[in-house]
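# A closer look at the structure
What follows is each chain in one-letter form.
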Amino acid sequence: MKHKTVHYIFLLLLPLSTLFSQQSPKEPTEKQEKPKFGWKKELVGSLNLAQTSFNNWSKGGENSTAWQVNVNFKFENDQKKTNWSNSGTLSYGRNKTGDQGSRKSVDEIKLESVYSYKIGICVNPFVAVSGESQFGPGYDYKIEPEVKVSKFMDPGYFRESIGFGVSPIKVVKTRLGAAIKQTVTNQYPSPYADDPDTDKIEKFKNEIGIESVTDINIKLSATSALQSKIELFSNTKAFDEIDVNWDNLLTSKISKYFSFNFTVKLLYDKDVSVKRQLKQSMAIGLSYNFL
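All figures in this text were calculated on a predicted structure; none of them were measured in a lab. (Residues numbered from 1 in each chain as written. Predicted model: local features only at pLDDT ≥ 70, side-chain atom pairs only at ≥ 80, totals over all residues. Heavy atoms only, no water.)

### Regarding the environment of Val127
- Inspection of the secondary structure assignment puts Val127 in strand S5 (residues 124-133).
- The contact partners of Val127, leaving out residues within four places of it in the chain, are Ser113, Val114, Tyr115, Ser161 and Ile162. (Helix = DSSP H or I, 4+ residues; strand = E, 2+ residues; numbered from the N terminus. Contact = heavy atoms within 4.5 Å.)

Here is the structure:
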């Protein structure tokens, strides 16, 4: 019950706390540059590879190979009165160790579109839509033989929200609003969409609640940056149970075409697992800015 209370308080205070840190607008000066309006486009792709091989190695070990492809994009149209931001993450990777078959290590599709209207004060209204799923099937390898537990759009998550957003400082954007969340399944309704308290198997779940989303983008140095995004959703039928989706990405440019990436993803959804879920990855590989 203690962790539920902390989540509840965090959901309410996170967006509100940024209001108090809102700085008063500075008086324009001749030295200040005029804001640049229009499209800002960013498309970054990376490929990470790893391989280990042993031959007559007395200290032991297993041959292994691993690869991962990541694509991150952001297309933002910033105008004097409006802002339309479209972003997404596409990731897929596999690894093979010893005599085991190839297994999936990373698999994510995440898309978001946010349209904001600037009304001239610190709080601006917005509407947003987002979707999340995976490319390929997922398996539970704790069971012999392995059992398929998910696939493309099974489950799939969609959210629509409307509310108000603030940007107290340039590197922080946060928004709070009413939201609707849909969970779509087909062959694998449990534990994603099915209600265990009913005899019927539900393949679709619709929830109405409150959503809070905070984006933090910090440039640590000329070659390093930290991106953090925390999404909180609370169903009004169970307001003390808050779904948490927290993504963190640390990137560092080693050279023109090589970069270091460190990611941490934390999930909490009581309908799926009563415990928090945590995923961490670290890789060095090829990176290229297409736009």
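### Concerning the layout of surface pockets
- If you add up the space inside the second largest pocket, you get close to 1400 Å³.
- Along the wall of the second largest pocket there are 40 residues; nearest its centre are Gln134, Tyr192, Leu267, Val272 and Gln277.
- Per-class residue counts for the lining of the second largest pocket are 17 nonpolar, 9 polar and 14 charged. (1 Å grid on protein atoms, 1.4 Å probe; cavity = no way out; pocket = protein on both sides within 12 Å on 5 of 7 lines; lining within 4 Å. Points joined across faces, edges and corners; volume = space filled by probe spheres on them. Nonpolar A, V, L, I, M, F, W, Y, C, P; charged D, E, K, R; others polar.)

### Structural notes on unusual backbone geometry
- Residue Pro155 follows Asp154 across a cis peptide bond; omega there is 15 degrees.
- Along the chain, Pro155 turns up in the loop between strand S7 (147-150) and strand S8 (156-169).
- Following Ser190, the chain continues to Pro191 via a peptide bond in cis, the omega torsion being 10 degrees.
- With respect to the secondary-structure elements, Pro191 resides in the loop between strand S9 (172-184) and strand S10 (204-219).
- For Asn56, which is not a glycine, the phi torsion comes out positive at approximately 55 degrees.
- Mapping Asn56 onto the fold places it in the loop between strand S1 (38-52) and strand S2 (64-78).
- If you check the backbone angles, Met153 has positive phi at about 60 degrees while not being a glycine.
- Tracing the chain through its elements places Met153 in the loop between S7 and S8.
- With relative accessibility at 26%, the residue Met153 sits in the partly exposed group. (Buried < 20%, exposed > 50% of the residue type's maximum accessible area, 1.4 Å probe, protein only.)

### Re the environment of Thr174
- With respect to the helices, strands and loops of the structure, Thr174 is situated in strand S9.
- For the pair Thr174 and Ile216, spaced 42 residues apart in the sequence, the C-alpha separation amounts to 8.6 Å.

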